[in-house]
Amino acid sequence: MKYALGTPKSLKMAILQLMVPVAVLSSFLSNTTVVAIFIKVVKIWSKKLNIAPSKLLIPLSYASGMGGICTLIGTPPNLLISGFYTEQTGIQLSIFTPTLVGLFCLAVGILSMIAMQKMVPVRKSPEDALEETNDYTVELLVPFSRMHRENGEGSRTGRSGRRTPD
């Protein structure tokens, strides 16, 4: 992971170092597959960088979608449009026909994510939230009544009223 994504000095560099390889991969693979591959990696990477996972998971998702529009096979709508275009004109599009427009959209998207990084919410991952269970722990003191003494101290009774083993 250290070699794949590096050790960026700032959140801006982390966003850039994440979005570029994700976009390249999603240009040739399914967007869902790329996100599924990177989710756990990004969570571990964000923990090592001491950055909230949400600050990198949202750019991961956006980079995957924007990378998909860079090639004809990157996303299903590109294939549909290519099919319609071929039917209407008889000219078949090459795999890299949408690349120029896709790269422009990707550059605008990366710059937008960097510029609006402060607007991305800081959300803790569910795993981190479970570490702070003291905030949600409740203790309850139940008084020991005479009825409990009659049944035998510390005994448990089932629905039938018979004593069940401790």
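Before reading on, note that the structure itself is shown above.
Residues numbered from 1 in each chain as written. Predicted model: local features only at pLDDT ≥ 70, side-chain atom pairs only at ≥ 80, totals over all residues. Heavy atoms only, no water.

**Focus on the environment of G83**
This is how it is decided: Secondary structure is summarised from DSSP: a helix means a run of H or I of at least four residues, a strand means a run of E of at least two, and numbering begins at the N terminus for each. A simple rule labels every residue: compare its accessible area, found with a 1.4 Å probe on the protein chains alone, to the largest value its type can have, and call it buried under 20%, exposed over 50%, or partly exposed in between.
Its location among the elements puts G83 in helix 5 (residues 76-89). Residue classification places G83 among the partly exposed residues on the basis of a relative accessible area of 32%. In sequence terms G83 and L93 are 10 residues apart; their C-alpha atoms lie 8.7 Å from each other.

**Examining the packing of aromatic side chains**
The condition is simple: Any pair of Phe, Tyr and Trp rings, taking the six-membered ring for Trp, is counted once the centres come within 6.5 Å. Such a pair is stacked with planes under 30 degrees apart, edge-to-face with planes over 60 apart, and tilted for the rest.
A complete count under the given rule lists one aromatic pair for this structure. Judged by centre distance (6.2 Å) and plane angle (75 degrees), the rings of F28 and F96 are edge-to-face. Of this pair, F28 sits in the loop between helix 2 (11-26) and helix 3 (31-49) while F96 sits in the loop between helix 5 and helix 6 (99-115), and the two are 68 residues apart along the sequence. Classification of F28 by relative accessible area gives partly exposed; the value is 43%.

**Quick word on helix 2**
Helical geometry: 3.6 residues make up each α-helical turn, so side chains three or four residues apart lie on a common side. Put simply, the test is: The span one expects for a helix is its residue count, reduced by one, times 1.5 Å. Of all possible arcs, the one meant is that of the directions from the helix axis to the C-beta atoms.
The terminal C-alpha atoms of helix 2 lie 22 Å apart, and with 16 residues this matches the ideal 22 Å at 1.5 Å per residue to within 8%. A14, I15, L18, M19, V22, A23 and S26 are the residues of helix 2 that are buried. Here the buried residues of helix 2 occupy an arc of 140 degrees about the axis, which is enough to place them on one side.

**A word on the environment of P53**
Inspection of the secondary structure assignment puts P53 in the loop between helix 3 and helix 4 (54-68). Accessibility expressed as a relative area gives 10% for P53, which makes it buried.

**A few points about unusual backbone geometry**
In this structure, N50 is a non-glycine residue whose phi angle is positive, near 60 degrees. According to the relative accessible area criterion, N50 is exposed, its value standing at 72%.

**Quick word on the packing of helix 4 against helix 6**
We count it as follows: Here the axes come from fitting lines to C-alpha atoms, over the contacting stretch only for helices, and the angles between their N-to-C directions go from 0 to 180 degrees. Put simply, angles under 35 degrees are roughly parallel, angles over 145 are roughly antiparallel, angles from 65 to 115 are roughly perpendicular, and the rest are oblique. Whether two residues are in contact is decided by their heavy atoms, any of which lying within 4.5 Å being enough. Side-chain classes follow a simple rule in which Ala, Val, Leu, Ile, Met, Phe, Trp, Tyr, Cys and Pro form the nonpolar group, Asp, Glu, Lys and Arg form the charged group, and the remainder, Gly included, forms the polar group.
Where helix 4 contacts helix 6, the two axes come as close as 9 Å, and the packing angle between them is 170 degrees. Comparing the axis directions of helix 4 and helix 6 gives the class roughly antiparallel. Residues I58, P59, Y62 and M66 of helix 4 form the contact with helix 6, whose participating residues are G102, C105, L106, G109 and M113. Classifying every residue of the contact of helix 4 with helix 6 by side-chain character gives seven nonpolar, two polar and no charged.

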